[in-house]
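A look at the structure
One-letter residues, chain by chain:
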Amino acid sequence: METGYHFSHKHILSLEDLSSADISFILQTADSFKEISTRSIKKVPTLRGKTVINLFFEPSTRTRLSFEIAAKRMSADTFNIASSTSSTTKGETLVDTALNLMAMNPDIIIIRHSFSGAAQLLTEHIETSVINAGDGTHEHPSQGLLDLMTVMEKKGRIEGLKVAIIGDIAHSRVAHSNIIGFTKMGASVCVAGPGTMMPPAVEKLGATRCNSVHEAVADADVVMALRIQKERQDDSLIPSLREYAKYFGINRSVIDLAKKDVLIMHPGPLNRGVEIDSEIADDPRSVILDQVTNGVAIRMALLYLLMGGD
Amino acid sequence: MSTLAAPASKNNKSMILLNGRIIDPANGIDGVGHLLVVQGKISAVFLNGEEPDLPDEVDRIDLAGKWVVPGLIDMHVHLREPGEEYKETIASGTRAAAAGGFTGVACMPNTRPVNDSYSITSLILAQAAEGSARVYPVGSISKGGEGKILAEYGEMRKAGVVALSDDGMPVVDSQLLRRGLEYAADYNLLVISHSEELALSKNGAMNEGYNSTRLGLRGIPGIAESIMIYRDLAVAECTGRPIHIAHISTRESVSLIRRAKAKGSLVTAETAPHYFSLTDEAVGNYDSRAKMNPPLRTADDVMAIKEGLKDGTIDAIATDHAPHSVLEKDVEFARAANGIIGLETAVPLTMNLLRNGDIDSGRMVELLSLNPARILGVEGGTLSPGTVADITVIDPDLEFVYSVDKIVSKSKNSPFIDWDLKGKAVLTLMAGEITWSDLH
């Protein structure tokens, strides 16, 4: 790292908060941790005696497990709390939950919540470091970082690449973090999807809004399909999954418009045959499982850096 | 009139306010002089160096450098009583009003239960009798504020309501709004509309735009307000009845009302200080103190609101004082309650408009006193001899930090906390009685 750089964040709430130097440093740190997961004994003592709480108010398998594995490979003690946001009428407030957890002296709280700003709210009331593992339709910074890591690993650079993100941009915290992350690192990001799923002023986030999937994908180095949540149909954002798949799904004819060595990405879980055709998800150029692998390394790096490793 | 919450005067004494700048646009007065109060009424105004010859027992208050204006009237507040006394009571809310320079407040009916009846109106007025400001209850347009059937306007009028509104919610059913306007005419009651197209604002937490995208919050587009104003104007016009549009926040709303007035419609409108003082940038990183409905808008909307205040399109500044406790505010942003307190910041925020040259001091008095009195049909709004001595004294140069410990309201939900403010009510008189004094 260049001289004078020092990672100085107490929390990881968003990629908006991180500079390009921060992001580069996290990616380098994660890269150096990746090897640990390939050993036969996948454990280092770095975070021994540290307590990590996974506070998940939304169902999640992959992200929660990824954080848990990351913490355990660093020898931290991990605890999982799964709670439903819908039970707050009878239960305690988020702030009270956080205060109670803090009273038990954890070192890091990882929170996933269905409301935007929930992780930020925590930091206003407790001293513990907080990692945002996805808050509503705001950000999912560790996902953005693992996507950057995957592209960096496969392409050797981010700068100058064309990244197409296709789908429900308005309601995707993954898209939000990726637009910010990739543009900060010098890529150009094109987004496309149904008009009902385009957020207002998305250009101001740094993305180029394309009028069609074809336009977004043309000559792209990276094509990322976003998961379509089935309940969006009830919101009247799309008439049917069938029509979505036909006009906005990533299939062979769409992917052929991209560069030959395009990377095919998806944050998972996949709706095969909806936002991405099965054969494209399984294409040799698909890095969907590399994303998952890198997720563990990114989260190890975040835990390490927040605990003062530098 | 039964809406006169406070007794006309317990005060047999006389008082003279000396050397203040008397600003009374209704009488075309703006000049340094003296104002004599006798037995709770304005007795005489002395201008152009005229010196009264007064007996010694008259209380003398020197107000050199200060402004003497008709008592301010806030035509849109929430006092939370009955039902949510942990947020505000009529006692605490009227004390906050007096501290902010208000001698009268019109309280919206979305209490618990809703003020849709003789008995709730009577309860509010009974509580208000001990208050620090006159309380003008607003009754609901529909029973329970549910937007289904008409409430009992005759009974509420008899008990003392001055206007009708389902504030907090729009009257969605256009036929019901029409019937409400027609039936209100029988009792000479003004209808105040909270204009919001719910289908467009549903689940929204802030203004729709870049900031809502940045924060991942559901946006409320400006048209959610203006579409409904258009509907409200059309319905009111069809009945030939006046309508008052509450808390307008967008450029399009201003231009719709401007156009309607040019055509001769009997429309009046209010905005709140936050709509000319803040943009949606104030939401920052999920600061729920900047959450209200309608939401804070863009810089262009703020400019349009200022233009409307200047050119007469907007008739009144009302605070939409909406107290909430930490229980409603210290939660996830989308879950936080809408509304901010406003009584104690209205004067300095409005004076920012003066200092920036958007309006002059006479216009400020129109917006905060004369026009609200006329729109609601209540006393006050002038300093005419013979009228009730509801008077506000403003120190235009007083600088202060609006800190939490100074807030008189029971709730502290304001985006202006810790702001440096300038201009403050330093003496408030209701029927000649001091309800608030910062004079030393």
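The structure presented is a predicted model; accordingly, all values stated were derived computationally and were not measured.

How each quantity is defined
Residues numbered from 1 in each chain as written. Chains lettered and ligands numbered in written order. Predicted model: local features only at pLDDT ≥ 70, side-chain atom pairs only at ≥ 80, totals over all residues. Heavy atoms only, no water. Helix = DSSP H or I, 4+ residues; strand = E, 2+ residues; numbered from the N terminus. Rg over C-alpha atoms; globule rule 2.2 N^0.38 Å. Buried < 20%, exposed > 50% of the residue type's maximum accessible area, 1.4 Å probe, protein only. Contact = heavy atoms within 4.5 Å. Areas by Shrake-Rupley, 256 points an atom, 1.4 Å probe, with all protein chains shown as cover. Core = buried A, V, L, I, M, F, W, Y, C linked by side-chain atoms within 4.5 Å. Domains from an automatic or database assignment. Pairing = 2+ DSSP bridges. Axes fitted to C-alpha atoms, helices over the stretch in contact; angles between N-to-C directions. Buried area = accessible area lost by both parts, 1.4 Å probe. Salt bridge = Lys/Arg side-chain N within 4 Å of Asp/Glu carboxyl O. Polar contact = N/O pair within 3.5 Å; in protein donor to acceptor, adjacent residues only side chain to side chain. Nonpolar A, V, L, I, M, F, W, Y, C, P; charged D, E, K, R; others polar. Patch = residues over 30% accessible without salt bridge, like charges linked within 9 Å, V, L, I, M, F, W, Y side chains within 5 Å. Parallel < 35°, antiparallel > 145°, perpendicular 65-115°, else oblique. Left-handed = near helix turned anticlockwise from the far one by under 90°. 1 Å grid on protein atoms, 1.4 Å probe; cavity = no way out; pocket = protein on both sides within 12 Å on 5 of 7 lines; lining within 4 Å. Points joined across faces, edges and corners; volume = space filled by probe spheres on them.

Some points on the overall build of chain A
The helix and strand inventory of chain A stands at 12 helices and nine strands. Here the C-alpha radius of gyration of chain A, 19 Å, is about what a compact globule of 310 residues would show, namely 19 Å. With the C-alpha coordinates of chain A rotated into their principal frame, the extents come out at 55 × 50 × 35 Å. Relative to its 310 residues, chain A shows a buried fraction of 57%. Sequence separation of 24 or more characterises 74% of the internal contacts of chain A that already satisfy a separation of 6 or more. Accessible area of chain A: about 12600 Å², with a carbon and sulfur share of 50%.

With respect to the nonpolar core
Counting 84 residues, the largest nonpolar core has Val 135, Tyr 153, Ile 245, Ile 248, Leu 309, Met 364 and Tyr 402 of chain B as the members making the most contacts within it. Residue contributions to this core peak at six residues, all from helix α12 (residues 346-355) of chain B. If you count residues domain by domain, this core takes at least three from each of domain 1 (14-68 + 387-402 + 416-437) and domain 2 (71-376) of chain B. Beyond its immediate sequence surroundings of up to four residues, Leu 309 of chain B is in contact with Thr 271, Phe 276, Ile 314, Ile 317, Leu 353, Ile 359, Arg 363 and Leu 367 of chain B. With 63 residues, the next largest nonpolar core counts Phe 67, Ala 175, Leu 263 and Ala 297 of chain A among its residues.

Re the sheet that holds strand β4 (residues 129-135) of chain A
Residues and elements named next belong to chain A. Reading across the sheet, the four strands line up as β2-β1-β3-β4 and stay open at both edges, with parallel pairing between neighbours. Bordering the open sheet on either side are β2 (77-82) and β4, each of which pairs with just one other strand. Direction aside, neighbouring strands of the sheet carry axes that sit 15° apart on average. One ladder, built from six bridges, connects strand β1 (residues 51-56) with β2; its direction is parallel.

Brief notes about helix α1 (residues 90-99) of chain B
Residues and elements named next belong to chain B. Across the 10 residues that make up α1, a large majority, eight, are buried. Every buried residue of α1 is accounted for by Ile 90, Ser 92, Gly 93, Thr 94, Ala 96, Ala 97, Ala 98 and Ala 99. The inward-facing, buried residues of α1 abut β7 (102-107), α2 (118-128), β8 (134-139), β17 (420-430) and β18 (433-437).

Examining the interface of chain B and chain A
Taken together, the contact between chain B and chain A spans 17 residues of the former and 24 residues of the latter. Together, the buried faces of chain B and chain A total about 1700 Å²; carbon and sulfur atoms form 57% of this surface. The interface formed by chain B and chain A contains one salt bridge. One salt bridge in this structure joins Glu 16 of chain A and Arg 214 of chain B, with 3.3 Å as the shortest N-O distance. Summed over the shared surface of chain B and chain A, the result is eight residue pairs in polar contact (both at pLDDT 80 or more). Among the residues forming the side of chain B that touches chain A, the class breakdown is six nonpolar, five polar and six charged.

A short note on the sheet that holds strand β8 (residues 222-225) of chain A
All names here are of chain A. Reading across the sheet, the five strands line up as β7-β6-β5-β8-β9 and stay open at both edges, with parallel pairing between neighbours. With partners counted over all chains shown, the strands left at the sheet margins are β7 (208-209) and β9 (263-265), one partner each. Examined bridge by bridge, strand β6 (residues 188-192) and β7 share two bridges and lie parallel to one another. What sits directly across from Val 191, in β7, is Arg 209. Where helix α5 (residues 141-155) meets the sheet, its contacts fall on β8 and β9, and the angle it forms with β9 comes to roughly 160°.

Considering the domain arrangement of chain A
Residues and elements named next belong to chain A. One can read the domain layout of chain A as domain 1 (15-138 + 292-306) and domain 2 (141-291). Just the C-alpha atoms count here: the centres of domain 1 and domain 2 sit 25 Å apart. Each partner contributes residues to the interface: domain 1 has 31 residues there, and domain 2 has 26 residues. Taken together, both faces of the contact between domain 1 and domain 2 bury some 2300 Å²; the carbon and sulfur share is 60%. A per-residue breakdown of the area domain 1 buries against domain 2 is headed by Leu 15, Leu 27 and Asn 294, which together make up 27% of the total. Viewed at the interface, domain 2 and domain 1 are joined by two salt bridges. In this structure, the salt-bridge partner of Glu 153 is Lys 34, at a minimum N-O distance of 2.6 Å. Counting across the domain 1 and domain 2 interface gives 18 residue pairs in polar contact (both at pLDDT 80 or more). The leading source of residues in the side of domain 1 that touches domain 2 is helix α12 (residues 288-306), at eight residues.

Overview of the domain arrangement of chain B
Residues and elements named next belong to chain B. For chain B, the assigned domains are domain 1 (14-68 + 387-402 + 416-437) and domain 2 (71-376). Look at where the C-alpha atoms of domain 1 and domain 2 centre, and you get two points 28 Å apart. Each partner contributes residues to the interface: domain 1 has 28 residues there, and domain 2 has 34 residues. At the boundary of domain 1 and domain 2, one finds one salt bridge. Inspection of the domain 1/domain 2 interface yields seven residue pairs in polar contact (both at pLDDT 80 or more). Of the residues assigned to the side of domain 1 that touches domain 2, the class counts are 19 nonpolar, four polar and five charged.

Describing a nonpolar patch on the surface
All names here are of chain B. A cluster of nonpolar side chains, contributed by Tyr 86, Val 326 and Leu 327, occupies part of the molecular surface with about 330 Å² of accessible area. Within the element layout of this structure, Val 326 appears in helix α11 (residues 326-329). Taking relative accessible area as the criterion, Val 326 reaches 59% and is therefore assigned exposed.

Here's the deal with the pattern of salt bridges
Opposite charge on two side chains makes pairing possible when the charged atoms of those side chains draw close. Residue and element names in this part refer to chain B. According to the stated counting rule, one finds 33 salt bridges over all chains in the structure shown. The shortest N-O distance in the salt bridge between Arg 363 and Glu 366 comes to 2.8 Å. Of this pair, Arg 363 and Glu 366 both sit in helix α13 (residues 361-376), three residues apart, which is roughly one turn of the helix. Among the residues examined, Arg 363 registers a relative accessible area of 12% and is labelled buried.

Some points on the packing of helix α4 (residues 174-185) of chain B against helix α7 (residues 223-239) of chain B
Residues and elements named next belong to chain B. At a minimum axis distance of 9 Å, the contact between α4 and α7 shows a crossing angle of 45°. By the criterion of interaxial angle, the relationship of α4 to α7 is oblique. In this structure, the crossing between α4 and α7 has a hand that is right-handed. Only Arg 231, Asp 232, Val 235, Ala 236, Cys 238 and Thr 239 of α7 make contact with α4, whose side of the interface consists of Ser 174, Leu 177, Arg 178, Leu 181 and Glu 182. Partitioning the contact of α4 with α7 into residue classes produces five nonpolar, two polar and four charged.

With respect to the side chain of Thr 78 of chain A
Residue and element names in this part refer to chain A. Examined against the element boundaries, Thr 78 turns out to sit in strand β2. Residue classification places Thr 78 among the buried positions, given a relative accessible area of 12%. A polar contact of 3.4 Å, which involves the side chain of Thr 78, links it to the side chain of Lys 72.

Regarding the layout of surface pockets
By volume, the largest pocket amounts to about 1100 Å³. His 171 of chain A together with Asn 203, Leu 217, Arg 218 and Gly 219 of chain B are the residues nearest the centre of the largest pocket, which is lined by 35 residues in total. Elements with a contribution of two residues or more to the lining of the largest pocket: α6 (173-184) of chain A together with α5 (198-201) and α6 (210-215) of chain B. Among the elements that make up the lining of the largest pocket, the one with the highest residue count is α6 of chain A (three residues). A class-by-class count of the residues in the lining of the largest pocket yields 15 nonpolar, 14 polar and six charged. Empty space within the second largest pocket amounts to approximately 740 Å³. In terms of lining residues, the second largest pocket is bounded by 40 residues, among which Gly 168, Asn 293, His 324, Ala 337 and Asn 338 of chain B are the most central. Counting only elements with at least two residues in the lining of the second largest pocket, the list comes to α5, α9 (273-277) and α11 of chain B. Class assignment for the residues of the lining of the second largest pocket results in 14 nonpolar, 15 polar and 11 charged.

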